[in-house]
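Understanding the architecture of this molecule
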Amino acid sequence: MKVANEALTVMPNRAMEIATLYHKQSLALINLALSHNKIAIESSHQRALELLEVKDPKTVHQLVSSHMVNQVKDYLNFAAASYQMGFEAHTQVAKVIEHQIEDNCALANEVLKSHALEGNPISAMALSVVKSAMDTSHAVINGAKAMATKTSEMATSSFPSKKS
């Protein structure tokens, strides 16, 4: 029952691992928002200076339009970076849950292999039903895991790569 004892000590830590991941992601999102606000303030100041330097009133409209386009691009980049962070957090949590599922399967297999259940025909029949149900659920979980990984990869690949 070594596997069972190890699994019991690891399981509560998974909740803390997920909480830590979300805490880190929250801090990173706050940092991203603060950085975006700093850039937005600096850009606003630069746009105001550019508008004050305009001598020809006919070019004001063109300058304001280009400023507006740049501002929208900045906000879209911020939104894309935020979504990308969310997808990365989702992927990390999915990996933690995957490890939890694997540990639960190992624990259940350890219990099914227990010598205390051998020799009893009713236990043998119940164990075969449980094993069949576990195999089916394991197949469904693997399918869902593969689909989640594929969805996460597609979502991550749809965003532009991070700028270093």
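1. Some details on the overall build of the chain
Each helix and strand in the chain was counted, giving three helices and zero strands. Secondary structure elements in the chain, listed N-terminal to C-terminal, are α-α-α. In the chain, which comprises 164 residues, the proportion classed as buried is 14%. Taking the contacts inside the chain whose residues are at least 6 apart along the sequence as the reference set, 78% of them involve residues at least 24 apart. As displayed, the chain has an accessible area near 12,100 Å², and 66% of this comes from carbon and sulfur atoms.

2. Thoughts on the confidence of the model for the chain
This prediction gives the chain a mean pLDDT of 80; 82% of its residues lie at or above 70. When pLDDT is averaged over each element of the chain, helix α2 (residues 60-112) comes out on top at 85 and helix α3 (residues 121-157) at the bottom at 75.

3. Description of the environment of A108
On the secondary structure map, A108 appears in helix α2. For the pair A108 and V130, spaced 22 residues apart in the sequence, the C-alpha separation amounts to 9.8 Å.

4. Quick notes on the environment of F78
Structurally, F78 is set in helix α2. Under the relative-accessibility criterion, F78 is labelled partly exposed at 24%. With sequence-adjacent residues up to four places away left out, F78 is seen in contact with L32, A33 and H36.

5. Some details on a nonpolar patch on the surface
A surface patch of nonpolar side chains, amounting to about 300 Å² of accessible area, comprises L27, I30 and L34. Turning to its location among the elements, L27 is positioned in helix α1 (residues 2-53).

6. Remarks on the environment of A81
Looking at the element boundaries, A81 is found in helix α2. Through-space distance from the C-alpha of A81 to that of L29 is 9.1 Å; in sequence the pair is 52 residues apart.

Cut-off values and rules
Residue positions within a chain follow its written sequence, with the count starting from 1. Residues qualify for local features only when their pLDDT is at least 70, as the model is predicted, and side-chain atom pairs are given and counted only at 80 or more; totals for whole chains, interfaces and linings, by contrast, use all residues. Remark: hydrogens and water are excluded; side-chain values derive from all non-hydrogen atoms of the structure. Where helices and strands are cited, they refer to DSSP runs of H or I of at least four residues and of E of at least two residues respectively, numbered from the N terminus. When a residue's accessible area, from a 1.4 Å probe over protein chains only, is under 20% of the maximum for its type it is buried; when over 50% it is exposed; and in between it is partly exposed. Only heavy atoms enter the contact rule, under which two residues are in contact if any of them lie within 4.5 Å. Reported accessibility uses the Shrake-Rupley method at a 1.4 Å probe radius. Residues are deemed covered only where the shown protein chains occlude them. Scored from 0 to 100, pLDDT reflects the predictor's confidence in each residue. Surface patches are drawn from residues lacking salt bridges whose relative accessible area is over 30%; two like charges belong together within 9 Å, two nonpolar side chains (Val, Leu, Ile, Met, Phe, Trp, Tyr) within 5 Å. Between Lys or Arg on one side and Asp or Glu on the other, a salt bridge is scored when a side-chain nitrogen of the former is within 4 Å of a carboxyl oxygen of the latter.

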